[in-house]
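# Secondary and tertiary structure notes
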Amino acid sequence: MEMFNQAIDMNDVTISEEDGIRYLHFGTQWIQGAMRIMRPHDLVLTYTQQMMAWLLFQEVSKDDEIAILGLGAGSLLRFCMKHTQSDLHTVEINPRVTAMCQAFFRLPQNQRSVIYHEDAESWVQDPTHFDRYRVLMVDLYDAAAQGPVCSSLAFYQGCYRCLDEQGLMTVNLFGAHESYDVNINHISQAFHGNILILPEIDEGNIVVLAFKGDDLSRTTTAMLMDQAEYIQKKYKLPARRWAKGILAEQPKT
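To keep things clear, this report deals only with the structure shown in the data block. Small disclaimer: the values here were computed from a predicted structure and weren't measured. The residue numbering used here restarts from 1 in each chain and proceeds along that chain's sequence as written. Given that this is a predicted model, residues contribute local features only at a pLDDT of at least 70 and side-chain atom pairs are listed and counted only at 80 or more, while totals for whole chains, interfaces and linings are drawn from all residues. To get the side-chain values, all heavy atoms of the structure are used, and hydrogens and water are removed first.

### Digging into the packing of helix H8 (residues 221-235) against helix H9 (residues 239-248)
In helix packing, the relevant descriptors are the interaxial angle and the interaxial distance, both defined with respect to the helix axes. As a reminder of what qualifies: In this analysis an axis means a line fitted to C-alpha atoms, helices contributing only their contacting stretch, and an angle means the value between N-to-C directions, from 0 to 180 degrees. Note on conventions: DSSP H or I runs of at least 4 residues are helices, E runs of at least 2 residues are strands, and numbering of each starts at the N terminus. Each angle gets one of four labels, with under 35 degrees taken as roughly parallel, over 145 as roughly antiparallel, 65 to 115 as roughly perpendicular, and the rest as oblique. What makes two residues a contact is simply this: any of their non-hydrogen atoms within 4.5 Å.
Packing of H8 against H9 leaves a shortest axis separation of 7 Å and a crossing angle of 155°. When the interaxial angle is binned, H8 and H9 end up roughly antiparallel. For the pair formed by H8 and H9, the contact residues are Thr221, Leu224, Met225, Ala228, Glu229, Ile231 and Gln232 on the first element and Ala239, Arg240, Ala243, Lys244, Ile246 and Leu247 on the second.

Set out below in structure tokens:
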């Protein structure tokens, strides 16, 4: 993968390109996000596709709000801007990441999109955000790209409070990292055991769904598979594979 320097100083935020895909890095070889240059709204990385698995349980309206913790290359923000009418609130601690996304990753400039340059750990404890979001997508990694930078019970309890009554959360974890069991335990505690775990992908990512509302308890196998078929056709995402994986996996609590 060929790295190249940009005229502006982004310090530890760098990019590379290969086979029509632009990648974001935090000064290391680890990929923090990706964009297909000719189709920027595509979700290139498998785990980012899985972060949208909340669509199996509900679709958002223009009256709902979505929060994204961790901007990365803006993949989830671009996808949600195209495919939903909801307001989108993104939390990114590093303004240089936002500047890079604006310059090279077609970051949406729209009144529906707000970016907070804050620490996600503090952001989820702000009462301004409580009982507000229908969907919360959490993808918080540093340059090492191994375990999430926010993994405490207090953090996930804050995530729970930020969701509305029917809200749900997706979280990107690494199965082989020592932080995995700690995160699963804390997510399960914060969400009273109402979690689902997607199968680990080849890159080692494991996406967890956590429910504040009752979507999990009232969803039957038939409903899940029907919704997966609908999502696969509408969004061109591998939703049938997600549904089958969910049915095969048991939450590790």
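### Focus on the pairing of strand S6 (residues 87-91)
Both faces of the sheet carry side chains from a regular strand, because those side chains alternate between them. In plain terms, the rule: Each residue gets one of three labels from its accessible area relative to the maximum for its type: buried under 20%, exposed over 50%, partly exposed in between, using a 1.4 Å probe on protein chains only. Criterion used throughout: strands pair if DSSP finds at least two bridges between them. Seen with its strands pointing away from the viewer, a crossover is right-handed if its path from the first strand over the helix to the second goes clockwise.
Most of S6 sits out of view: four of its five residues are buried. As judged from the five bridges shared by strand S5 (residues 65-69) and S6, these two strands associate in the parallel manner. Looking across to S6, one finds that Ala67 is bridged to His89. For the crossover that starts at S5, traverses helix H2 (residues 75-83) and ends in the parallel S6, the hand is right-handed. Pairing between S6 and strand S7 (residues 113-116): four bridges, direction parallel. Pairing of Thr90 across the sheet is with Ile115, part of S7.

### Notes on the sheet that holds S5
Reading across from one edge, S7-S6-S5-S8-S9-S11-S10 is the order of the seven strands in this open sheet, with mixed pairing throughout. Of all strands in the sheet, those with a lone pairing partner are S7 and strand S10 (195-197), marking the two edges. Each adjacent strand pair in this sheet contributes to an overall mean axis angle of 15°, direction not counted. Docked against the sheet, helix H6 (residues 179-190) engages strand S9 (163-174), S10 and strand S11 (205-211), running at close to 175° with respect to S9.

### Thoughts on the side chain of Asn172
Inclusion rule: Two N or O atoms form a polar contact when they lie within 3.5 Å of each other; inside protein one atom must be a possible hydrogen donor and the other a possible acceptor, and for residues adjacent in sequence the pair counts only when both atoms belong to side chains.
Its place among the elements puts Asn172 in strand S9. Among the polar contacts listed, one links the side chain of Asn172 to the side chain of Asp139, at a separation of 2.9 Å.

### Overview of the nonpolar core
Note the cut-off: Nonpolar cores were defined as sets of buried Ala, Val, Leu, Ile, Met, Phe, Trp, Tyr and Cys residues, with membership established by side-chain atoms within 4.5 Å.
Met52, Leu56 and Met137 are the most contacted members of the largest nonpolar core, which totals 54 residues. Take this core: its biggest share by element is five residues, from H2. Excluding residues that lie within four positions of it along the chain, Met137 makes contacts with Met51, Met52, Trp54, Ile66, Ala67, Ile68, Leu69, Leu76, Cys80 and Thr170. Within the second largest apolar cluster, 31 residues are counted, among which are Phe155, Cys159, Val171 and Tyr180.

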